[in-house]
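A look at the structure
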Amino acid sequence: MTTTDPEHRTVIEPFKVKVMEPLPFRSRPERERVLETAGWNLFLVPAREVTFDFLTDSGTTAMSAAQWAAMMVADESYAGSRSFERFEAVVHELTGFPHVIPTHQGRAAERLVFSTLVKAGDVVPSNNHFDTTRANLEHLGATALDLVIPEGRDPRSLHPFKGNIDLARLEACCREHAGRIPLGMITITNNTGGGQPVSLANLRGAAAIYRSHGIPFVIDACRFAENAWFIKVREPGQLERTPRQIAREVFDLADAALMSGKKDGMSNIGGFIATRRSEWMPALRSLLILTEGFPTYGGLAARDLEALAVGLEEGLDERYLEYRVAVSRYMADGLVRRGMPVMQPPGGHAVYLDAREFLPHLSPAQLPAQALACELYLALGVRGCEIGSVMFGKTGPDGQLVPAALELVRLAFPRRVYTQAHCDYILEGIEGVVARKDALRGMRIVEEPPFLRHFTARFAPL
Ligand SMILES: *Cc1c(COP(=O)(O)O)cnc(C)c1O
């Protein structure tokens, strides 16, 4: 990993290990039996069978000694606990939003906000909606519109802010659907579009458009710290600012933020809604109490609030963020050097392997990204996540697959968990996968549920 530090060439893990967990190792035949049993769905594979778990960076963070210490002194009072006060103060200071509602994770924040503001027939634009965001909106009968810039759909474009929303299309959308847009969103970083950052200029532009149409602007803020780091190092004039200052300017542009604490909250569970819209609070609070918990814990233990309060600060540390972003760059460069195409430039939390380019002999209906994800597991014990036609494809009225725009396998990196030696070991193993690629077979879906099918569908090799 390369650093900007003139004295050194390596970005090191900026921490030392205090508690360790052994890695499980399995043979290829053992993994074959595991996949068979799991219906070739990596979500259904037990973690004890996985050597390197890159399924998600969500909730998989290694917590710090400071977080564990804070959990021990948590105040588990039902109402008005000290831990809530601490959590609220940290979120308030970070975002500037006066109202803070804890939730058990990000999708609970989505459900609360959407079910109080969005109705059937409404339209909600974003750069790209994350899968739970889309599913929560579609569940209400609303349309989730993706308006990312064209470069964001091109795996080879080197645009520095491929998560940007297309401002011209956003303006047109706001006119076309006037009166039917209860809120507008932007996801930072753009997870579904490859973990790509959104520039400050673009966020300012989108906020101005939403404001001019009287549409509340809600930020899906899961990776606000990584996004702030990219703004710092890539956007002209931002290098001297701290990630915290940049993040604060971003939140100042919006009416509300939805957060999964399992990402840049550096925690294993938790989330929140933060907003300046006082008029939203009565309905949000009522629904919160009905389905999540009292407003001072929102479905979490107070110790989780403590972990989040500490984690939100740690996630903004510059040494940590430099290392964090270096991980995906290091993996992406290593993969490309060995003949595995990846989406460029790499995102903050993950690298995205381009299965369509890697396996040109498979059509989208043969689910190339699912096939590649299974092969990475069989060959290396690496668990990635299909982000392609399994996750975003649709079954058309004629029963034919309407493919997704991209066929990707995401390797998402848990925070502070794996080391550079782990990365090197995986990169060596990729050479074998590249050598065998012409022999890789496609997959078909055997069984699927109506929503979020990638979690539970079962597959079979062709
Ligand atoms: C993870 C995620 C969510 C949902 O959060 P959960 O804590 O998993 O419910 C929403 N949006 C984005 C961009 C995410 O990455």
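Structure: see above.
Described below are features of the structure shown in this document. (Residues numbered from 1 in each chain as written. Predicted model: local features only at pLDDT ≥ 70, side-chain atom pairs only at ≥ 80, totals over all residues. Heavy atoms only, no water.)

Overview of the nonpolar core
A general feature of soluble globular proteins is that nonpolar side chains tend to end up buried together. Counting 105 residues, the largest nonpolar core has Phe217, Phe224, Leu312, Leu353, Leu372, Leu376 and Leu411 as its most contacted members. The biggest single contributor to this core is helix H12 (residues 318-337), with 10 residues. If we ignore the near neighbours within four places in the chain, the residues touching Phe224 are Leu94, Ile188, Ala247, Phe251, Met259, Asp264, Leu312 and Leu316. Residues Ala144, Val218, Leu258 and Trp280 belong to the second largest nonpolar core, which totals 21 residues. (Core = buried A, V, L, I, M, F, W, Y, C linked by side-chain atoms within 4.5 Å. Buried < 20%, exposed > 50% of the residue type's maximum accessible area, 1.4 Å probe, protein only. Helix = DSSP H or I, 4+ residues; strand = E, 2+ residues; numbered from the N terminus. Contact = heavy atoms within 4.5 Å.)

Description of the pattern of salt bridges
Inspection of every chain in the model, using the stated rule, returns 30 salt bridges. Across the pair Glu76 and Arg303 runs a salt bridge, and its minimum N-O distance is 3.4 Å. With Glu76 in the loop between helix H2 (65-72) and helix H3 (82-95) and Arg303 in helix H11 (residues 302-314), this residue pair connects regions lying 227 residues apart in the sequence. Note that Arg415 and Glu226 form a salt bridge whose closest N and O atoms lie 3.3 Å from each other. Of this pair, Arg415 sits in the loop between strand S14 (408-412) and helix H15 (420-435) while Glu226 sits in helix H8 (residues 224-234); the two residues are 189 residues apart in sequence, bridging distant segments of the chain. Take Arg415 and Glu226: they sit in the same class, and that class is buried. (Salt bridge = Lys/Arg side-chain N within 4 Å of Asp/Glu carboxyl O.)

Thoughts on the site of the ligand
Lining the immediate surroundings of the ligand are 14 residues, of which Gly106, Arg107, Asp220, Ser260 and Lys263 lie closest. The contact in question runs from an oxygen atom of the ligand to an N or O atom on the side chain of Arg107, over 2.7 Å. Residue Arg223 places a side-chain N or O atom 2.9 Å away from an oxygen atom belonging to the ligand. Look at the ligand: alone it shows 380 Å² of surface, and the protein chains cover 97% of it. If you tally residues by element for the shell around the ligand, the top one is helix H4 (residues 106-117), at 3 residues. Grouping the amino acids of the shell around the ligand by side-chain chemistry returns 2 nonpolar, 6 polar and 6 charged. (Near = heavy atom within 4 Å. Polar contact = N/O pair within 3.5 Å; in protein donor to acceptor, adjacent residues only side chain to side chain. Areas by Shrake-Rupley, 256 points an atom, 1.4 Å probe, with all protein chains shown as cover. Nonpolar A, V, L, I, M, F, W, Y, C, P; charged D, E, K, R; others polar.)

As for the side chain of Asp255
As for its placement among the helices and strands, Asp255 is situated in the loop between helix H9 (243-252) and strand S7 (256-260). Engagement of the side chain of Asp255 in a polar contact is seen with the side chain of Arg277, the distance being 3.1 Å. When neighbours within four sequence positions are excluded, Asp255 is seen to be in contact with Phe97, Ile215, Pro216, Phe217, Ala274, Thr275, Arg276 and Arg277.

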